Amino acid sequence: MNILFATTEAAPFCKTGGLGDVCGALPIELAKLGVKPTLIMPGFRHALESGVKIEPTGVMFEIPIGRKKVRGEYLRSTLPGSDVPVYLIEQHSYFNRNELYRERDTDYQDNCERFVFFNRAVLDAVERLELDTDLIHCHDWPTGLLPAYLKTIYADRPGYNQIATLFTIHNLAYQGSFWHWDMELTGVGWEYFNWQQLEFYGQLNFMKSALVFADALSTVSPRYAEEIKSPPMSCGLEGVLRHRQHDLFGVLNGCDYAVWNPAIDPHLAQNFDAANYAAGKAACKAALQAEMGLPVRPEVPMLAAIGRLAEQKGFDLIADVLARMAQQQDAQWVLLGSGDKKYQDALAGIAREYPERVALRLGFDNALAHRIEAGADMFLMPSRYEPCGLNQMYSLKYGTVPIVRETGGLADTITNLSEKTLSDGSANGFSFADDSPYALSMAIDRALRAYGQPEVWRQLVTTGMNQDWSWSRSAKRYVEIYEHTLARVEAGVGV
Ligand code: ADP
């Protein structure tokens, strides 16, 4: 089975969030199951400067974008640690930029054009690079036009009509919505600009287009697959998602234990594992306290958060709780994030006020993210919604007890501590339902009380560390979905 992964992110080439982790790890797991995956992604500056060896293929191409023609070139590499081929689409003016999608809180104005180009360059690569392709696995809105292209302007081209598509929703809230005149850039006829196909509230919508035209849909946790069928998580797309509900699968992301594993993590002051974590974790905590400029005190509980500073992630709830707790509670807080300025300012203000207790790093720092996972005692994820979430799975493996809002993949992976879950051995963290500072602070209080009971805490830590959230189970599920989708397309059933 030949699967072409079309994605804008894949670690270690480039990553802004979980999508990069998924596309860097899942193809390698699939290859172990006998699938033949190939990746294709934009040649973003980050990818070209990632240090991974990339070579030219010598194959150039030209894509019609509205009335102009835009040239590009295919480059070739492999996913490190594997022989999974990776093709990068080089187009200097679209992809050689400081960021992937947006800068200074504003999307790049030509995002529609950039990703129309990317979508068409992926399809042209099938022919020009002679990529045997049974199914294109598309990821998130930047690949959202691919299924529509296959069913419209590529439908009659030899070699394309049997290619199936699976579209995975990593985050429904980011939809790639553009003014209607951008239809001219796509090359797709205006007859498709209607409420049942590419149009959504008067705009061209990449996400909706994928939900309508892909042969199968998936998202990254079973709970999120349910949540997105109704408002508010459906972000307005409940109609099409309910219509397609029998083609929509929820598959939990996995954790890449070759990268996120305290026993072998090269970023840590000391490695450790579930059988013997106390000394290693203590060393990592002391090193983190020193690195972050906090007093080196082994006994004080340390809470951490890492993530995009966006409304989704609930950093405003953290700021609210922190402003009050930092004064009263003898605890340390370590925060790492990049994103919206209003959250940066709110958190920076608190960090300035309580330098002995709150340490903030603004920016994207992968090595520090590893050290925080290892050194902290508790990990906060008060997300308003969370399609899957990876940091809670990393936290479990690093013996850092998650405190999460009960939503999406967080609900699917974290079992709240209660008398019952403590006695049956399933408790691995703390969860709460309301998206309010009060609910978050109550959950933190419960966690701090449990931290004061060494036996309870040890059970929570070791339960999490011993759990297996690796890719192997999810990769098998993807193989089933590919097979199911291919069989349906072959039989002529579907959209
Ligand atoms: P999302 O994809 O919604 O951003 P996930 O929890 O699925 O959230 O994945 C986030 C990934 O990005 C994790 O690997 C996390 O460690 C990483 N990450 C997020 N923000 C930062 C940051 N500022 N510095 C380093 N890593 C980060």
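Residues numbered from 1 in each chain as written. Predicted model: local features only at pLDDT ≥ 70, side-chain atom pairs only at ≥ 80, totals over all residues. Heavy atoms only, no water.

## A short note on the side chain of T38
Following the sequence through the fold, T38 ends up in strand β2 (residues 36-42). On the basis of relative accessible area, T38 is assigned to the buried category, the value being 16%. Among all residues touching T38, those that are not within four sequence positions of it are I3, L4, F5, P85 and Y87. (Helix = DSSP H or I, 4+ residues; strand = E, 2+ residues; numbered from the N terminus. Buried < 20%, exposed > 50% of the residue type's maximum accessible area, 1.4 Å probe, protein only. Contact = heavy atoms within 4.5 Å.)

## What to know about the domain arrangement of the chain
Split by domain assignment, the chain resolves into domain 1 (2-254 + 472-490) and domain 2 (277-468). Regarding the contact of domain 1 and domain 2, the summed buried area is about 1600 Å², with carbon and sulfur atoms giving 53% of it. When the buried surface of domain 1 facing domain 2 is broken down by residue, D105, R223 and L252 rank first, second and third, together holding 26% of it. Remark: the boundary between domain 1 and domain 2 carries zero salt bridges. For the pair domain 1 and domain 2, the interface holds 10 residue pairs in polar contact (both at pLDDT 80 or more). Secondary-structure elements contributing two or more residues to the side of domain 1 that touches domain 2 are α1 (18-32) and α8 (222-227). Ranked by the residues each element gives to the side of domain 1 that touches domain 2, the list is headed by α8, at four residues. Partitioning the side of domain 1 that touches domain 2 into residue classes produces seven nonpolar, seven polar and seven charged. (Domains from an automatic or database assignment. Buried area = accessible area lost by both parts, 1.4 Å probe. Salt bridge = Lys/Arg side-chain N within 4 Å of Asp/Glu carboxyl O. Polar contact = N/O pair within 3.5 Å; in protein donor to acceptor, adjacent residues only side chain to side chain. Nonpolar A, V, L, I, M, F, W, Y, C, P; charged D, E, K, R; others polar.)

## Looking at the packing of aromatic side chains
One pass over the structure, following the stated rule, counts 23 aromatic pairs. Judged by centre distance (5.2 Å) and plane angle (85°), the ring pair of Y451 and W457 falls under edge-to-face. Judged by relative accessible area, W457 falls into the buried class, the value being 8%. Ring centres of Y478 and Y482 lie 6.3 Å apart, and the angle between their planes is 35°; on these two criteria the pair is classed as tilted. Separated by four residues within a single helix, Y478 and Y482 lie in helix α19 (residues 471-490), roughly one turn from each other. Under the relative-accessibility criterion, Y478 is labelled buried at 1%. (Phe/Tyr/Trp six-rings, centres within 6.5 Å; stacked < 30°, edge-to-face > 60°.)

## Topic: the pairing of β2
Of all the seven residues making up β2, six are buried; the element is thus mostly covered by neighbouring parts of the structure. Here strand β1 (residues 2-6) pairs with β2 via five bridges, running parallel. Looking across to β2, one finds that N2 is bridged to K36. Handedness of the crossover is the feature at issue here: the chain leaves β1, passes through α1, returns alongside β2, and the resulting connection is right-handed. Across four bridges, β2 lies against strand β5 (residues 85-90) in parallel orientation. Within β5, the position partnered with I40 by the bridge is Y87. (Pairing = 2+ DSSP bridges. Right-handed = clockwise from strand over helix to strand, strands pointing away.)

## Points about the nonpolar core
Side chains that are nonpolar tend, in soluble globular proteins, to be buried together. Formed by 100 residues in total, the largest nonpolar core has its most connected members in I89 and L211. Tallying contributions element by element places helix α4 (residues 111-128) first for this core, with 10 residues. Those residues in contact with L211 that sit more than four places away from it in its chain are F167, I169, L172, L217, L237, V240, L241 and R244. Membership of the second largest hydrophobic core comes to 79 residues, among which are Y257, A359, M393 and A450. (Core = buried A, V, L, I, M, F, W, Y, C linked by side-chain atoms within 4.5 Å.)

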